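Given next are the chains, with one letter for each unit.
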Amino acid sequence: MLTMKSLEVCYGETVILRNIDFRIREGEVVSLLGRNGVGKTTLLKTVIGLLRPRQGKIYLHDKEITKDKPEQRAKNGIAYVPQGREVFPQLTVEENLLLGLEALPKREKQIPHEVFEMFPMLNTMLQRKGGDLSGGQQQQLAIARALVARPKLLLLDEPTEGIQPNIVMEIENVIRLLKAQGDMAILLVEQSLDFALSLADYCYVLEKGAVAAEGKASEIEDETIRQYLTV
Ligand SMILES: Nc1ncnc2c1ncn2[C@@H]1O[C@H](COP(=O)(O)OP(=O)(O)OP(=O)(O)O)[C@@H](O)[C@H]1O
């Protein structure tokens, strides 16, 4: 459903990503791994359109979107949960969730009830300010906000970073549920190899801005990946 071909992405004159060939199929969970600073977030920002590649092309459902603006990509079903969650601290939980609906046409402005089935805690905190939630709860709110628009492709940038273990488990369960439903592809950037491999169908490992290894999660050797993760 998403294909990137020969992608090169730069900040100014510095090349961050080079010659990236990348593919996510419908309903698939793909993990993107690599050390700090190799370009994982840069790749996600290129998928959502915040960064434009200097070379290469991006296709969504076989339609080229390389020059589409972020709003257009959101309308076409790409949702992004940034690293560090970025919920609006002064807005209530409900207002944060309603913002996730902005990508949809006007008539569809209801928060889908499935979001509260996945994150029951949010339903009990609708009037609480986003900034008053714990870090883990904010992460759940950020994921829920992305899900309200029922995206076709969900990008998660290190969703378990700094989160307490019981909430990591809840987030893992939600990703498993979405995977089992089978109609949403997920691109997961993760530092935890065990977490990434247990959820992913396929994984890519970046090293110095290029794909150093890739393969089915069930087949790729842990050691092959670990050599690119240890300092
Ligand atoms: N706005 C920017 N301007 C210039 N360079 C940047 C900018 N943002 C990131 N970089 C650089 O681009 C490179 C890739 O950064 P990126 O955030 O994509 O890495 P990452 O793999 O997501 O790392 P982390 O795991 O630490 O989030 C790094 O060297 C970083 O310093």
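The preceding data block contains the structure.
Presented here is a report on the structure given in the accompanying data block. Predicted model, so just to flag it, every value in this text is computed and none were measured.

A few points about the overall build of the protein chain
So, step 1. A count of helical and extended segments in the protein chain gives 9 helices and 10 strands.
So, step 2. A compact globule built from 231 residues should have a C-alpha radius of gyration of about 17 Å, and the protein chain, at 17 Å, falls within 12% of that.
So, step 3. With respect to the principal axes defined by its C-alpha atoms, the protein chain has extents near 45 × 35 × 35 Å.
So, step 4. Of all 231 residues assigned to the protein chain, the portion counted as buried reaches 52%.
So, step 5. Pairs at least 24 residues apart make up 67% of the contacts formed inside the protein chain by residues separated by at least 6 positions.
So, step 6. Carbon and sulfur atoms form 48% of the exposed surface of the protein chain, whose accessible area is close to 11,300 Å².
So, step 7. In the protein chain, the 29 positive side-chain charges and the 32 negative ones have mean positions that sit 6 Å from each other.

Points about the sheet that holds strand 9 (residues 202–207)
So, step 1. Judged by pairing direction, the sheet is mixed, and its 6 strands sit side by side in the order 6-7-8-3-9-10 without closing on themselves. Each edge of the sheet is formed by a strand with only one pairing partner; in this case those strands are strand 6 (78–81) and strand 10 (210–216). The sheet shows a mean angle of 15° between the axes of neighbouring strands, direction not considered.
So, step 2. Two elements, strand 3 (residues 29–33) and strand 9, share 4 bridges in a ladder whose sense is parallel. Residue Val30 lies in a different strand from strand 9, and its bridge partner there is Tyr202.
So, step 3. Along the sheet, helix 6 (residues 135–147) contacts strand 6 and strand 7 (153–157); its crossing angle with strand 6, the most-contacted strand, is approximately 170°.

Here's the deal with the site of the ligand
So, step 1. Neighbouring the ligand are 13 residues; Gly37, Gly39, Lys40, Thr41 and Thr42 lie closest to it.
So, step 2. Here Gly37 contributes a backbone N or O atom positioned 2.7 Å from an oxygen atom of the ligand.
So, step 3. One nitrogen or oxygen atom from the main chain of Gly39 is found 3.0 Å from an oxygen atom belonging to the ligand.
So, step 4. Protein contacts shield 58% of the accessible area of the ligand, which totals 640 Å² for the unbound molecule.
So, step 5. If one sorts the elements of the shell around the ligand by residue count, helix 1 (residues 40–48) sits on top with 3 residues.
So, step 6. Residue classes in the shell around the ligand are distributed as 3 nonpolar, 7 polar and 3 charged.

Re the packing of aromatic side chains
Aromatic rings in a pair are described by how distant their centres are and how their planes are angled relative to each other.
So, step 1. Overall, the coordinates contain 2 aromatic pairs when judged by the stated rule.
So, step 2. Between the aromatic rings of Phe22 and Tyr204, the centroid separation amounts to 4.2 Å while the plane-to-plane angle is 25°, which identifies the pairing as stacked. A residue pair is termed long-range when its members are at least 10 positions apart, and Phe22 in strand 2 (residues 14–24) and Tyr204 in strand 9 qualify at 182 residues. In this structure, Phe22 and Tyr204 share a single accessibility class: buried.
So, step 3. An aromatic cluster is present here, built from Phe22, Tyr202 and Tyr204 joined pairwise through their rings.

Some thoughts on the packing of helix 6 against helix 7 (residues 165–181)
Each pair of packed helices gets described by two things: the angle between the helix axes and the distance between those axes.
So, step 1. Packing of helix 6 against helix 7 leaves a shortest axis separation of 10 Å and a crossing angle of 15°. In this view, helix 6 runs roughly parallel relative to helix 7, as classed from their interaxial angle. As for the relative orientation of helix 6 and helix 7, their crossing is left-handed in sense. Contacts between helix 6 and helix 7 pair Gly136, Gln137, Gln139, Gln140, Ile143 and Leu147 from the former with Ile167, Glu170, Ile171, Val174 and Leu178 from the latter.
So, step 2. A breakdown of the residues in the contact of helix 6 with helix 7 according to their chemical character gives 6 nonpolar, 4 polar and 1 charged.

Thresholds applied
Residues numbered from 1 in each chain as written. Predicted model: local features only at pLDDT ≥ 70, side-chain atom pairs only at ≥ 80, totals over all residues. Heavy atoms only, no water. Helix = DSSP H or I, 4+ residues; strand = E, 2+ residues; numbered from the N terminus. Rg over C-alpha atoms; globule rule 2.2 N^0.38 Å. Buried < 20%, exposed > 50% of the residue type's maximum accessible area, 1.4 Å probe, protein only. Contact = heavy atoms within 4.5 Å. Areas by Shrake-Rupley, 256 points an atom, 1.4 Å probe, with all protein chains shown as cover. Lys, Arg positive; Asp, Glu negative; His and termini not counted. Charge placed at Lys NZ, Arg CZ, Asp CG, Glu CD. Pairing = 2+ DSSP bridges. Axes fitted to C-alpha atoms, helices over the stretch in contact; angles between N-to-C directions. Near = heavy atom within 4 Å. Polar contact = N/O pair within 3.5 Å; in protein donor to acceptor, adjacent residues only side chain to side chain. Nonpolar A, V, L, I, M, F, W, Y, C, P; charged D, E, K, R; others polar. Phe/Tyr/Trp six-rings, centres within 6.5 Å; stacked < 30°, edge-to-face > 60°. Parallel < 35°, antiparallel > 145°, perpendicular 65-115°, else oblique. Left-handed = near helix turned anticlockwise from the far one by under 90°.

From the geometry alone we can't say anything about function, so treat these as descriptive.
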